[in-house]
Amino acid sequence: MRLGIISTTFPPKKCGVADYTYKLINELIKHDIDISIFTEMAEAAPFSGELHVMQGLFNHAFINELAELIRRDVCDAVIVQYTPTLIAPKTCGVYLRLPFWLARLRKLTRVPVCVMVHELHYPVEPNLRGIFIGIPTVIQFAGMALVSDHLFFSHRVPMEQWNRRLPYKRSKFSWLPVGANIEPVPDQKMSSPDVKKMAQIKSSRKIIIHFGGSHLSHGFLHMFHSFEEARKIFVGDDPVLLFVGMTQHEVDQKLGETGMSHIKENVIGIGYLGPEEASCWLAAADLVLAPFLDGVSTRRGSMMAAFTHGKAMVTTSGRNTDPLLPWNSFCSIVSVDDVDGFKKEVIRLLGNQRSAEELGVCAKKYYDCHFSWPVIARNLIGVLSTLREKRYG
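We now turn to the structure provided with this report.

On to the overall build of the chain. Counting secondary structure elements, the chain contains 14 helices and 13 strands. Its C-alpha atoms give the chain a radius of gyration of 22 Å, near enough to 21 Å, the size a compact globule of 393 residues would have. Taken along the three principal axes of its C-alpha coordinates, the chain extends 65 × 50 × 35 Å. When burial is assessed residue by residue, the chain has 55% of its 393 residues classed as buried. The long-range fraction of contacts in the chain, counting pairs at least 24 apart against all pairs at least 6 apart in sequence, stands at 71%. For the chain, the accessible area works out to roughly 17600 Å², and carbon and sulfur atoms hold 53% of it.

Below is the structure:
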């Protein structure tokens, strides 16, 4: 089977969709799936497949060229990586002709056209952005759902919402979580004390990590208040709060915006790291903090990175949190509105190393069984094989 994947971004660009695409295709290749990538990235990370650099995605010239390449490569299916603001960055994700281009591509190639949904649309709210961005992107998404052969949702809550809106499309929707964007380094021999020694950090010092960028959906107040309390309680352990994926300037900005500049001494932004270095820091962490204002969900690759490293994590539940998953069995989760509850869980796990380690073991086990890249690849191949059988009868 050969799969064509349209992704506006691709490594070495640092982006969630780029990371996802690269991790996914390398896992698919292990399952003997041939890959053709269609992207705007002139420089791309090496992989065992066909790379086609395209100029300007989703217009008349692009669709015609793409259709010709898909026929030449003999692709059995095409997947579009969909995040509105990556598809149409200049118009805040609004591109109402996108469903038309997907339908056109499907007609020209006569192969199944699928969409991987990482973000759906801007929320419809009673304000200017909610009206002029929210409503058009909802219409845009509905059009895509109607013309596509299959949609893969990275988290289940919006999938269930669209199941109710388009019940006759229910069989065309699947849940496909995001795997870890940073995986443990193979044969990694370095323990937490080793990493601390390498970084010239005292072995007794507690390391708390937030893994991810400065996205608006991250609950920085949850983390800053928890760290402020941890500094008071664990004075002898001299805790440090590390932000992987944020520079020190970005961290200082967040501290200033939240009125928490007084704790800045031990709050450190270490920027973007390579996968091996990031893995080492995760291995060294005593606790991972991942509060999301919209609630934890299975579209968070940075959250999955903590799980695959077997790390205890404190996170939040909200509107995007899947109620069917047993979150409490593999992480510590409190309501996004309960900042004090979040702080208490942070203090509890920092003060009880055994509980933190046991929670990390449960996280690793659950990740391997349900969220890992081999599981994601098998589930995707299962759906694509069904579509292929229908195509060829």
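The next subject is the sheet that holds strand E11 (residues 287–290). Taken together, six strands build an open sheet; the order of strands is E10-E9-E8-E11-E12-E13 and the sheet is parallel. Whereas interior strands pair on both sides, the edge strands pair on one side only; in this sheet they are strand E10 (267–271) and strand E13 (332–335). Within the sheet, the average angular offset between the axes of one strand and its neighbour, ignoring direction, is 25°. Judged from the four bridges that link them, strand E9 (residues 240–244) and E10 form a sheet pairing that is parallel. Looking at the pairing, Leu241 lines up with Val267 of E10. Where helix H9 (residues 248–257) meets the sheet, it contacts E9 and E10, and its direction lies at approximately 140° from that of E10.

Attention now moves to the packing of helix H8 (residues 220–233) against helix H12 (residues 339–351). In contact at an axis separation of 9 Å, H8 and H12 are set at 45° when each is read in the N-to-C sense. When the interaxial angle is binned, H8 and H12 end up oblique. Considering only the axes of H8 and H12, their crossing is right-handed. For the pair formed by H8 and H12, the contact residues are His222, Met223, His225, Ser226, Glu229, Ala230 and Ile233 on the first element and Val339, Phe342, Lys343, Val346, Ile347 and Leu350 on the second. Residues belonging to the contact of H8 with H12 are distributed by class as follows: eight nonpolar, three polar and two charged.

We now examine the pattern of salt bridges. Taken as a whole, this structure holds 14 salt bridges when the rule is applied. Across the pair Arg205 and Asp238 runs a salt bridge whose closest N-O atoms are separated by 3.3 Å. With Arg205 in the loop between helix H7 (192–198) and strand E8 (207–211) and Asp238 in the loop between H8 and E9, the pair connects residues that are 33 residues apart, well separated along the chain. Classification of Arg205 as buried rests on a relative accessible area of 17%.

This part takes up the packing of aromatic side chains. For the structure shown, the criterion picks out 17 aromatic pairs. Measuring from centroid to centroid gives 4.3 Å for Phe330 and Tyr366, while their planes differ by 15°, and the two rings are stacked. In this pair, Phe330 is assigned in the loop between strand E12 (313–317) and E13 and Tyr366 in helix H13 (residues 353–370), connecting sequence segments 36 residues apart. In this structure, Phe330 and Tyr366 share a single accessibility class: buried. Grouped by ring-pair contacts, the aromatic residues Tyr82, Phe141, Phe153, Trp162 and Phe173 constitute a single cluster. For the cation-ring pair, Arg156 lies above Trp175, with the distance from its terminal atom to the ring centre recorded as 4.2 Å. Its end group placed over the ring of Phe234, Lys206 keeps NZ or CZ at 5.5 Å from the ring centre.

Turning next to the sheet that holds strand E3 (residues 50–53). Sheet strands pair via backbone hydrogen bonds, and the direction of the pair is either parallel or antiparallel. If you walk across this open sheet you meet the seven strands as E3-E2-E1-E4-E5-E6-E7, and the pairing is parallel. In this open sheet, the two edge strands, each paired with only one partner strand, are E3 and strand E7 (173–175). Neighbour-to-neighbour, the strand axes of this sheet turn through a mean angle of 20°, independent of strand direction. Lying on the sheet, helix H2 (residues 60–73) is in contact with strand E1 (2–6), strand E2 (34–39), E3 and strand E4 (77–82); it crosses E2 at an angle near 165°.

What follows deals with unusual backbone geometry. Even without a glycine there, the phi angle at Asp32 is positive, about 65°. Relative to the assigned elements, Asp32 resides in the loop between helix H1 (16–30) and E2. Accessibility expressed as a relative area gives 65% for Asp32, which makes it exposed. Even without being glycine, Cys92 reaches a positive phi, approximately 55°. Tracing the chain through its elements places Cys92 in the loop between helix H3 (84–87) and helix H4 (98–109).

So, about the packing of H2 against H4. Contact geometry of H2 with H4 gives a least axis separation of 9 Å together with a crossing angle of 35°. Both H2 and H4 take part in a crossing whose hand is right-handed. Listed contacts from H4 to His60, Ile63, Asn64, Leu66, Ala67, Ile70 and Arg71 of H2 are Trp101, Arg104, Leu105, Leu108 and Thr109.

Of all six residues that make up E4, six are buried, and the element is covered over most of its length. Side chains of E4 alternate between two faces, with Ala77, Ile79 and Gln81 and Val78, Val80 and Tyr82 buried alike. By the bridge criterion, four bridges tie E1 to E4 in an arrangement that is parallel. For Ile6, the partnering residue across the bridge sits in E4 and is Val80. Taken together, the five bridges between E4 and strand E5 (residues 113–117) define a ladder with parallel strand orientation.

Okay, the nonpolar core next. In terms of nonpolar packing, the biggest core is built from 61 residues, with Leu3, Leu28, Phe307 and Leu380 touching the most fellow members. When residues in this core are grouped by element, the largest group, eight residues, is from helix H14 (residues 373–392). Sequence-distant contacts of Leu3, that is, excluding residues within four places in its chain, are made with Leu28, Ile33, Asp34, Ile35, Ser36, Cys75, Ala77, Val78, Ile79 and Leu384. Ranked by size, the runner-up nonpolar core spans 35 residues in total, among them Ala67, Val78, Leu151 and Phe173.

Criteria and thresholds
Residues numbered from 1 in each chain as written. Predicted model: local features only at pLDDT ≥ 70, side-chain atom pairs only at ≥ 80, totals over all residues. Heavy atoms only, no water. Helix = DSSP H or I, 4+ residues; strand = E, 2+ residues; numbered from the N terminus. Rg over C-alpha atoms; globule rule 2.2 N^0.38 Å. Buried < 20%, exposed > 50% of the residue type's maximum accessible area, 1.4 Å probe, protein only. Contact = heavy atoms within 4.5 Å. Areas by Shrake-Rupley, 256 points an atom, 1.4 Å probe, with all protein chains shown as cover. Pairing = 2+ DSSP bridges. Axes fitted to C-alpha atoms, helices over the stretch in contact; angles between N-to-C directions. Parallel < 35°, antiparallel > 145°, perpendicular 65-115°, else oblique. Left-handed = near helix turned anticlockwise from the far one by under 90°. Nonpolar A, V, L, I, M, F, W, Y, C, P; charged D, E, K, R; others polar. Salt bridge = Lys/Arg side-chain N within 4 Å of Asp/Glu carboxyl O. Phe/Tyr/Trp six-rings, centres within 6.5 Å; stacked < 30°, edge-to-face > 60°. Lys NZ or Arg CZ within 6 Å of the ring centre and 35° of its normal. Core = buried A, V, L, I, M, F, W, Y, C linked by side-chain atoms within 4.5 Å.

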